[in-house]
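Coordinates in review
Letter by letter, the chains look like this.
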Amino acid sequence: MRLRYTVNSPFARKARVVAHELGMADSIELVSTALRTQDRAFWADNPIAKVPVLVTDEGFSLSDSNVIMEYLNVVHGQGRLLAASGPQRWKDLTLISTADAVVEAAILARSETARPPEQQNKLRIEQEMAKVARGLDAIDKALEDDIPGQPVFGLAGIAVSSALGWLELRFGPELLFNTRPGLGAWWAQAMARPSMQATQPSPDA
Ligand SMILES: N[C@@H](CCC(=O)N[C@@H](CS)C(=O)NCC(=O)O)C(=O)O
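Residues numbered from 1 in each chain as written. Predicted model: local features only at pLDDT ≥ 70, side-chain atom pairs only at ≥ 80, totals over all residues. Heavy atoms only, no water.

Overview of helix α8 (residues 181-191)
To be explicit about the condition: To sort residues, take the accessible area from a 1.4 Å probe on protein chains only and compare it with the maximum for the residue type: under 20% means buried, over 50% means exposed, and anything in between is partly exposed. Going along the chain from the N terminus, every DSSP run of H or I of four or more residues is numbered as a helix, and every run of E of two or more is numbered as a strand. Here the arc refers to the set of directions running from the helix axis out to each C-beta atom.
Buried residues of α8: Leu183, Gly184, Trp186, Trp187, Ala190 and Met191, and no others. All buried residues of α8 lie within an arc of 165° about the axis, which places them on one face of the element. Facing away from the buried side of α8 by more than 90 degrees, the exposed set consists of Pro181 and Gln189.

This is the structure:
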């Protein structure tokens, strides 16, 4: 299998962490991929030119990150990282969507902030950062309610951890944890896992 990624992509990190948690990281070739270049091999793997994309041993391409996580979980992990049915399944899928949405809102705010000051849409930045704050509050609450009793660091925990890792890299820990000490404690535990240590983003990349 081949996984295209960038070292700082929070979406690609989800797939990489799942591979580590399932003990199969060695069976996936990691291909560091430059984004927004004329790369026909990349486009052949994913016409939308986003990472992550996983090319399976059978030679078909999978995207996006949630499809890849679930593929690895079902085909190589007997589904143990996500409840197959019942309320926990839907809560966890919603937590994954919320984590993704928080990152997407933060990316929008960052790209707006990167424009020359006179061209920035300040209202848009405020609106997107307010979504980030509300999303983090919802994640904080969901983890408080559900995750501590769970025996496994499942797909929901992996999605949240990957999102938090990227947000911390780009915005610093204060935005995340100053008003959410429970989330900070949860994050410290998640960060101690070998799968998270092995997939750390890099400020220099
Ligand atoms: N929904 C997608 C999002 C993937 C995504 O946005 N990846 C970013 C890197 S973090 C990317 O490849 N961006 C390149 C581009 O938008 O041109 C997923 O979950 O995989």
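Focus: helix α6 (residues 155-171)
Short version of the rule: To estimate how far a helix should extend, the number of its residues minus one is multiplied by 1.5 Å.
Taking 1.5 Å of rise per residue, the 17 residues of α6 would be expected to cover 24 Å, and the 24 Å separating its terminal C-alpha atoms lies within 8% of that figure. In terms of burial, α6 is largely enclosed, as 13 of its 17 residues are buried.

Focus: the packing of aromatic side chains
Quick note on the threshold: Ring pairs shown here join Phe, Tyr and Trp side chains whose ring centres sit within 6.5 Å, with only the six-membered ring taken for Trp; geometry is labelled stacked below 30 degrees between planes, edge-to-face above 60, and tilted in between. Here, over-ring charges are defined by two tests on the NZ atom of lysine or the CZ atom of arginine: distance to the ring centre within 6 Å, and angle to the ring normal within 35 degrees.
If you walk through the whole model with that rule in mind, you get four aromatic pairs. Aromatic side chains Phe177 and Trp187 sit 6.4 Å apart centroid to centroid with 25° between the ring planes, which places their arrangement in the stacked category. Of this pair, Phe177 sits in helix α7 (residues 173-177) while Trp187 sits in helix α8, and the two are 10 residues apart along the sequence. One cation-aromatic arrangement involves Arg89 over Trp90; the distance from NZ or CZ to the ring centre is 5.3 Å.

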